[in-house]
Amino acid sequence: MDERAALRMLSGALSHAGDDAAVVEDLLVTTDMLHETTDFPEGTTRYTAGWRAVGASLSDVAAMGGAATAAVAVYAAPAFEDEQLRKFVAGASEVCEAVDGAYVGGDLDTHEEFTVATTVVGRAADPVYRSGARPGEAVCVTGSLGRSAAALELFHDGEYTRANDLFRFEPRVGAGRALASHASSMMDSSDGLARSLHQLAEASDCGFAIESGVVPVAGALREVVEDPFERGVFFGEDFELVFTLPKTAVSTVEGSSPTPITVIGEVTEGGVEMDGNALADRGYTHG
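Residues numbered from 1 in each chain as written. Predicted model: local features only at pLDDT ≥ 70, side-chain atom pairs only at ≥ 80, totals over all residues. Heavy atoms only, no water.

As annotated in an unreviewed UniProt entry, the protein is Thiamine-monophosphate kinase from Halalkalicoccus jeotgali. UniProt annotates the protein under Sequence similarities (unreviewed entry) with the comment "Belongs to the thiamine-monophosphate kinase family." Under the UniProt heading Function (unreviewed entry), the entry covering the protein gives this text: "Catalyzes the ATP-dependent phosphorylation of thiamine-monophosphate (TMP) to form thiamine-pyrophosphate (TPP), the active form of vitamin B1." (UniProt positions renumbered as here; feature names shortened; annotations may be inferred.)

See the structure below:
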């Protein structure tokens, strides 16, 4: 089975499973694993790897409307090299600092492939789940989509400096906090916009009507591929927030979020559509 099938199977036995992070009282807990062959293209620096690995888990806290507290990581590699370790820790520490959290350590292990497992804890007195969307509400995204897809094209072309810069995304913790008291449902877009919409629809028992003309696609992606919209909607690994909220609250969150927000459609009774046509449930899947 793939990752989604495995998660569905486990959700019946694990009461905290199913959202971007587990909620235990007001504590948020999330964990992720990244591998060199699937997650860190040739040319990825250890600084970028530390930033991106920890950032992925920080994004889960953002998706719950939480404040980031601390992060730890397991660093596994065939051998330990001084400069690489220092750069990894620097990247992990600085992405935490960017969202007012702290990188507090972790574990080291030898492994045939460079692999990172990260855990982040945060706090949210009133977390936002995936299950609260209601028909008639607005559906929105933060930032723009396709940044990671652009980075992969640049890694492939050997433009490593620019690729690393794009790969170091800023987790939307600040935006998540601004949205927490208004959003009815929320998750991050690590699996792609299309798949995220299907996941929200399933959790909230609703549908979505999306307008393609207003979906924000990253300028960097438009520069490097001929089909930027396709990549922006289906590729994933962007770590933006996809959320719903009452239309009356849109102007309020636009004024309070540190990250630009775009309304891309509205919540419906059922079906996930773009411009009146069914939107494929396609995106990034582990395994």
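A. Main features of the overall build of the protein. Across its full length, the protein holds 11 helices and 12 strands. Over its C-alpha atoms the protein spans a radius of gyration of 18 Å, differing by no more than 12% from the 19 Å that the globule rule assigns to 287 residues. Projected onto the principal axes, the alpha-carbon positions of the protein cover approximately 55 × 45 × 40 Å. Counting across all 287 residues of the protein, residues that qualify as buried make up 51%. Of the roughly 12500 Å² of accessible surface on the protein, 50% is carried by carbon and sulfur atoms. With 19 positive and 46 negative side-chain charges, the protein shows a spacing of 2 Å between the two charge centroids. (Helix = DSSP H or I, 4+ residues; strand = E, 2+ residues; numbered from the N terminus. Rg over C-alpha atoms; globule rule 2.2 N^0.38 Å. Buried < 20%, exposed > 50% of the residue type's maximum accessible area, 1.4 Å probe, protein only. Areas by Shrake-Rupley, 256 points an atom, 1.4 Å probe, with all protein chains shown as cover. Lys, Arg positive; Asp, Glu negative; His and termini not counted. Charge placed at Lys NZ, Arg CZ, Asp CG, Glu CD.)

B. Highlighting the packing of aromatic side chains. In this structure the tally under the stated criterion is nine aromatic pairs. Aromatic pair Phe88 and Phe114: ring centres 6.5 Å apart, planes at 90 degrees, arrangement edge-to-face. A residue pair is termed long-range when its members are at least 10 positions apart, and Phe88 in helix H4 (residues 82–98) and Phe114 in the loop between strand S4 (102–110) and strand S5 (115–123) qualify at 26 residues. On the basis of an interplanar angle of 10 degrees and a centroid distance of 4.4 Å, the ring pair of Phe169 and Phe239 is categorised as stacked. Taken as a pair, Phe169 in the loop between helix H6 (160–167) and helix H7 (173–179) and Phe239 in the loop between helix H10 (228–234) and strand S9 (241–245) lie far apart in primary sequence, 70 residues in all. Comparing Phe169 with Phe239, the two get one shared label, buried. Ring pairing ties together the aromatic residues Phe40, Tyr75, Phe80, Phe88 and Phe114, which thus form one cluster. Arg46 extends its terminal NZ or CZ atom over the ring of Phe114, reaching a point 3.6 Å from the ring centre. (Phe/Tyr/Trp six-rings, centres within 6.5 Å; stacked < 30°, edge-to-face > 60°. Lys NZ or Arg CZ within 6 Å of the ring centre and 35° of its normal.)

C. View of the pattern of salt bridges. According to the stated counting rule, one finds 12 salt bridges in the structure shown. Residue Glu237 pairs with Arg52 through a salt bridge whose shortest N-O separation is 3.7 Å. Remark: Arg52 occurs in helix H3 (residues 46–63) and Glu237 occurs in the loop between H10 and S9; sequence separation between them is 185 residues. Like Arg52, Glu237 is buried. Between Lys247 and Glu266 there is a salt bridge, with its nearest N and O atoms 2.7 Å apart. Taken together, the positions of Lys247 in the loop between S9 and helix H11 (250–256) and Glu266 in strand S10 (residues 261–268) put the pair 19 residues apart, joining distant regions of the chain. Judged by relative accessible area, Lys247 falls into the partly exposed class, the value being 45%. Through salt bridges with shared partners, a single ionic network connects Glu153, Asp227 and Arg231. (Salt bridge = Lys/Arg side-chain N within 4 Å of Asp/Glu carboxyl O.)

D. Representation of the UniProt feature "binding site: Mg(2+) 2" (unreviewed entry) in the protein. The feature "binding site: Mg(2+) 2" (unreviewed entry), as annotated in UniProt, sits at Asp32 and Asp60 in this numbering. Considering the C-alpha atoms alone, the annotated residues occupy 29 residues of sequence yet fold into one spot, their largest mutual distance being 9.6 Å. Tracing the backbone shows Asp32 in strand S2 (residues 27–35). Aside from chain neighbours lying at most four places away, what touches Asp32 is Ala56, Ser57, Asp60, Val116, Ala117 and Thr118. Within the element layout of this structure, Asp60 appears in helix H3. (Contact = heavy atoms within 4.5 Å.)

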